Amino acid sequence: MSAIPTNPPRRPPLLAAILLALVVAAMNIGLWWWSNLPHGPEDWHGPINGFAVSLFQRHQSPLHDDFPSDAQVDSDLRLLHRYSDHIRTYSMLQNPQVVRLAHKEGLKVLAGAWIDTRLENNEKEIEALIAMARRYPDTITRVIVGNEVLFRNDIPPEKLMAYVDRVRAAIRQPVSVAEPDFIWEKYPELAEHVDFITVHLFPYWNGIDRKDAIGAALGSYQHLRQLYPYKPIVVGEIGWPSNGDRHEYASPSISNEAIFLREWFNVAKRDHIDYYVMEAFDQPWKEQLSGRTEAYWGMFNADRQLKFPFTGPVTEDTAWPWKALAASLLALLPMVWFARRFDRFRLMGRLFFCMLIQLACGLVVWSATLPFNFYLDWVDWTMLVLLFPAQIAILAILLINGFEFTEVLWRRRWVREAGMLRPDPPEKQPFVSIHLACYNEPPEMVQVTLDSLAELDYANFEVLVIDNNTKDPAIWKPVQDYCEKLGRRFRFFHLEPWPGFKAGALNFGLKETAPEADVVAVIDADYVVRPDWLATLTGHFHDPKVAVVQCPQAHRDFEHNRFRRMTAWEFDGFFRIGMHHRNERNAIIQHGTMTMVRRSALEGTGGWSEWTICEDAELGLRLMHAGYELVYVDELMGKGLTPADFKAYKSQRYRWAFGAMQILKGRWDWMTKKGPLSAGQRFHFLTGWFSWFADALHLVFTLMAIFWTAGMVAFPDLFSLPMQLFLIPVIGFFFAKAIFGIVLYRARVPCGWYDTLMASLASMGLSHAIARGILHGLTREKTSFVVTAKSRRIGGSGFAAFAPVREELLMAVALVLCIVGMATSFGTHYIEGMLWMFILGAQSIPYVSALVGAWIAHRSGDKAG
C-alpha cells in the first residue's frame, strides 16, 4: 500500500459542521438548565420574626479592629426593618451604636452581652448591658447574658448563673442564656436562673439532610417544651448556609437555604414559635474563626443583596444562562473547525470530540466564575491565579488524549498506511548497511542477533558491529571472533575510548559504511529479525520523498516471565496506538532499532546528533524538517528483549524523558514557529510529550498535597480544605485518562484483560521516573547514557527488591499517612475532605504501582533463576 493517499480528503459542507456544533452547544445549554432547575418551596408572605445580626461590611473584621460606621449600621437597620421589627445582638462593646440607631429606626432589640474566658471583659459587657437596658427600656425588650458559653466551656456553669442573677436583679427586662438544645438538657438547673430559654437549632451542624431538617428542628424544640413546660422558649438562632463545606448529609446551597427558611417561616407562624434567623448578612470574616461555611449564613449576601425570593421557585444560580451561553460561544468555532476538518471520522467520533471541546470550555467558564461565589481574600486569589493555568493544562492534556482516542476508535480508515511490499529482484534491491552498536552486551545475546542477520533473505547488505567503550576483552572479543566466522558481510569495530555514546558509535559506522550503500539500518544488540525484513520493506525507498522506514519495537521470550510480560505489553501499546495516531500527520517518533534510513538524507542532514541521548527521535524530527516522509509499517519484523529488571526499566524511561526535553529545548523554534514542519507535525512534537509533562505535574502536585495535608492535620486554623473548584476537574481528569487508556488498549492491543491491567500497572509505575527525567531534562544540559540491561542481574533479599524504588516507597508512605491523618481529623463530615482523600489515594497509585512492579520483577528473577 502507498504511504500517502492519492486523493486528498473531501471537505464536508460547512453547514453540516455548523449544525453538529450547534447541536452540542444546545446540549451544553440544556445541561446548565437541568443543573439549575428551579425548586419550589412554599411561598412566604408576611414579616420575619427577627434577625440575629452582625453588621460588619464585606471587607471589615473585628479581628483587624475594622468596624462599621454609624452610616453603614443605620443603612443595614433600615434594610432589615423592611422585613422585621426585631433584631438580636451579641455584644455591647462591639458596635455600641446599634441600640441607639435601632431606637431611632423603631426596632426592638434582644440585646446580648458577650461572655468568654476574659473575666475583665465580661464585667465590662455586663455593665454596658445593664446601662443600655436602663437607658432604652422600650427598645431593648429582652436580654441575653452569654452566647454558647457552656458549649465552648469558657467558664463554669456556676459563674454563668451568677452573671445571669446579677443582671436579672439590675434590670426589668426578661433575661436568658443562649445555648444549643443539648446544653439545656445537660444543665437543667440553668433554667431556674432565666426568665426564658434561648435555644440554637442547627440541623445543618447535626449533619441532617435538608429535607429532614425542619422535622429535626421541630423535634428539638418540642422536646425542650416538654422538659420546661412553664418557660417561654425563644429560638435564638436557626438557619442554613448558602455555601461552604458539606457536613455529613447536610449540603450548603442557596436553594437549600431558601427552602429551609421559607418552610421554617411558615411552620413557625403556624406553631407560634418565637425565632431569630441566623443571620441577617453574610460575614466573610468569620471564615477565619471556624471555617469556610461560617461566612455564608446570611439571608442577605455581604453586599446586602437578598439571596433568594420569598415567593415562586428558587434557582440555584441565577446567572446560569449567561455562563451557559459563554461556554457555548467559546466552544462554537473550535467545534465547527474540528467537525469540518476531520470529516473522515465517523459521525459518533466527531460528536464525541465536539462534546469534549464543549465540556472543556464549560469547565473553563465554571472555574473562572465559581470563585465569585466565595468571599476570597488576596491569598485565595493569588492561589487561584497560580492554579488556574494548571487547570487549563489538565484540560489541554484531556483534549490531546481525547483526540487520539477519537481518531483511533472512530476513523473510517488510516489515511497514511504502509505495509509490506513485493520483494525486488536482487539487481533492483537497494544496498543496506546494517549498524549494530553495542556496549558491554553479553556475547551470547549479540551472537543470536548476528545469526538472525546472517539468515536474511536479501542479496545486498552488510553488517557493521560497533562496540564502543567495552573495557573487558572477554566480552567484546568473542563477538569479534564470531563476526569473522560469519564472513565478509560482517565487520567488527572496537572503539575505546570513544565519545558520543550510541550516536558517536553510529556516526563512526556511517564513515565506515560501504560506498555503494543506499540505506542504513539500525537494530539493537538483542534483536532477532525476520528473514524478510529487508526484502519486503526496502522497496519503500524507491519513493525519493521517503527517508525512513520504521517498524515497531517488539519483544520475545516474555510469555513465562511475569515482569517481562507486563513490560512487553506496555511497550506494545505505543506502537499499536500512538504511532498510528502520529503517522496520520507524518509525525512518528523514529526509534533506534528496527529502523532504516536513506543514507543520503542521514548524511545530508548532519548524521546522528551527539548532543542528545535520544539521537533517534531527534533524527526523525530533523528529517521531517528537511521535508522528507517517514513511513511506519506496523509489522513485527524483529523482536528483542525487555529490560531485565525494574531498575533497567525505570532507567530506560528516564533516559527517554530526559532526551525528549533535550530535543524540546534544542528544537523549540522548529516546533513553535511556522516553517518546514507542518502544523500536524508541530502539534505532535509539542503535545506528544504532554502526558509525560502530566507525570511531572503529578510529582509537583503530590509534594504540594503532602505539605498541605500535613498543614490541615497539624494546623487546621491555618490550612483549610481545598474547594471543589480544584478537586472536581482533577478527579474527572483521572477517570477520563484511565478510561481512555483501557478502552484503547482493548481496541488495539492483542492481549486479554489481565495483560491490559498489568500493562497499565507497569505504565503507572514509571510515572516517578518520567517526572524526574522531565524535570532534570528541563533544568540540566546533559546526563549520562545508561545502557538498558537486557540480561538478568543477580538478585538479593526481598528488601533489595525495593532498592530501585526508594523514592516511590517514601512517597507512597507519605500519602498513606496523609490519608490516615485526614480520616482521623476530618472523617466523612465534609465532601471536600472525602474528595481530598480520594485524590490522595489516586496520587498514590503510581508509587504503589512502582512498588508492585519492583516486587514482581524481583520474584520473576528468582523464578527465572
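Note that the coordinates shown come from a computational prediction; the quantities given were computed from them, not determined experimentally.

Draft legend 1. Helix α8 (residues 210-227), seen in detail. The first and last C-alpha atoms of α8 sit 26 Å apart over 18 residues, in line with the 26 Å expected at 1.5 Å per residue. Turning to α8, its buried residues are R210, A213, I214, A217, L218, S220, Y221 and L224. Within α8, the buried residues cover an arc of 155° as seen down the axis, which keeps them to one side. For α8, the exposed residues lying more than 90 degrees away from the buried face are K211, G215 and Q226. Here the buried face of α8 lies against α7 (181-186), β6 (197-201), β7 (233-238) and α9 (254-271).

Draft legend 2. Highlighting unusual backbone geometry. The omega angle of the peptide bond from M278 to E279 is 0°, so this bond is cis rather than trans. By the secondary structure assignment, E279 is in the loop between β8 (274-278) and α10 (287-290). Of note, the bond from E496 into P497 is cis; its omega dihedral lies within 30 degrees of zero at -10°. Along the polypeptide, P497 turns up in the loop between β11 (490-495) and α16 (501-512). Residues other than glycine seldom take positive phi values, yet N469 does so here, at roughly 70°. Assignment of secondary structure puts N469 in the loop between β10 (461-468) and α15 (473-486).

Draft legend 3. Highlighting the packing of helix α23 (residues 690-714) against helix α27 (residues 806-826). Between α23 and α27, the shortest axis-to-axis distance is 10 Å and the interhelical angle comes to 35°. At the point where α23 passes α27, the crossing takes the left-handed sense. Of the residues in α27, those touching α23 at L699, T702, L703, I706, T709, M712 and V713 are M811, A814, L815, C818, G821, M822, S825 and F826. Taken together, the residues that form the contact of α23 with α27 break down as eleven nonpolar, four polar and no charged.

Draft legend 4. Looking closely at the nonpolar core. Residues W184, W264 and F265 are the most contacted members of the largest nonpolar core, which totals 85 residues. Setting aside residues up to four positions removed in sequence, W184 forms contacts with V177, E179, L190, A191, V194, I197, T198, V199, L224 and Y228. Formed by 80 residues, the second largest nonpolar core is a distinct cluster that contains I588, I663, W692 and I706.

Draft legend 5. Structural context of the pattern of salt bridges. This structure, assessed with the given rule, holds 36 salt bridges. Salt-bridge contacts for K323 lead to D317; the nearest nitrogen and oxygen are separated by 2.7 Å. By the burial criterion, K323 is buried, and D317 matches it. One network of salt bridges, with partners in common, ties together R344, E407, E584 and R585.

Draft legend 6. View of the packing of aromatic side chains. Scanning all chains against the criterion turns up 51 aromatic pairs. Both rings, one in Y296 and one in Y375, keep their centres 5.1 Å apart while their planes meet at 10°; by these two values the pair is stacked. Residue Y296 is found in the loop between α10 and α11 (320-341), and its partner Y375 is found in the loop between α12 (347-369) and α13 (378-410); the two are separated by 79 residues along the sequence. Y296 sits in the buried class, given a relative accessible area of 2%.

Draft legend 7. Broad picture of the sheet that holds strand β12 (residues 519-522). The mixed open sheet is built from seven strands, whose spatial order is β11-β10-β9-β12-β15-β14-β16. The open sheet has two edge strands with one neighbour each: β11 and β16 (629-632). Ignoring which end each strand starts from, the neighbouring axes of this sheet average 20° apart. Summarising the sheet, strand β14 (residues 546-550) and β16 pair through four bridges and their orientation is parallel. Note on β16: the bridge partner recorded for V549 is V631.

Draft legend 8. Focus on the pairing of strand β5 (residues 175-180). Across the six residues of β5, six count as buried, placing the element largely inside the fold. With burial as the criterion, each face of β5 is covered, one bearing V175, V177 and E179 and the other bearing S176, A178 and P180. Summarising the sheet, strand β4 (residues 140-147) and β5 pair through three bridges and their orientation is parallel. Bridge assignment links V143 to a residue of β5, and that residue is V175. Relative to β6, β5 is paired through three bridges, and the arrangement is parallel. Bridge pairing in β6 places E179 opposite V199.

Draft legend 9. The arrangement of the sheet that holds β6 in detail. Pairing is parallel in the closed barrel, where eight strands are placed in the order β1-β2-β3-β4-β5-β6-β7-β8. In this structure, strand β1 (residues 51-52) lies alongside strand β2 (residues 86-88), joined through two bridges in parallel fashion. Its bridge partner lying in β2, A52 is registered against R88. Packed onto the sheet, α9 meets β7 and β8 and runs at close to 170° relative to β8.

Draft legend 10. Representation of a nonpolar patch on the surface. Taken together, L14, L15, I18, L19 and L22 make up a surface patch of nonpolar side chains, about 440 Å² in accessible area. Examined against the element boundaries, L15 turns out to sit in helix α1 (residues 14-35). For L15, a relative accessible area of 58% corresponds to the exposed category.

Each value, and the rule that gives it
- Residues numbered from 1 in each chain as written.
- Predicted model: local features only at pLDDT ≥ 70, side-chain atom pairs only at ≥ 80, totals over all residues.
- Heavy atoms only, no water.
- Helix = DSSP H or I, 4+ residues; strand = E, 2+ residues; numbered from the N terminus.
- Expected span 1.5 Å × (residues − 1).
- Buried < 20%, exposed > 50% of the residue type's maximum accessible area, 1.4 Å probe, protein only.
- Arc of directions from axis to C-beta.
- Contact = heavy atoms within 4.5 Å.
- Axes fitted to C-alpha atoms, helices over the stretch in contact; angles between N-to-C directions.
- Left-handed = near helix turned anticlockwise from the far one by under 90°.
- Nonpolar A, V, L, I, M, F, W, Y, C, P; charged D, E, K, R; others polar.
- Core = buried A, V, L, I, M, F, W, Y, C linked by side-chain atoms within 4.5 Å.
- Salt bridge = Lys/Arg side-chain N within 4 Å of Asp/Glu carboxyl O.
- Phe/Tyr/Trp six-rings, centres within 6.5 Å; stacked < 30°, edge-to-face > 60°.
- Pairing = 2+ DSSP bridges.
- Patch = residues over 30% accessible without salt bridge, like charges linked within 9 Å, V, L, I, M, F, W, Y side chains within 5 Å.
- Areas by Shrake-Rupley, 256 points an atom, 1.4 Å probe, with all protein chains shown as cover.

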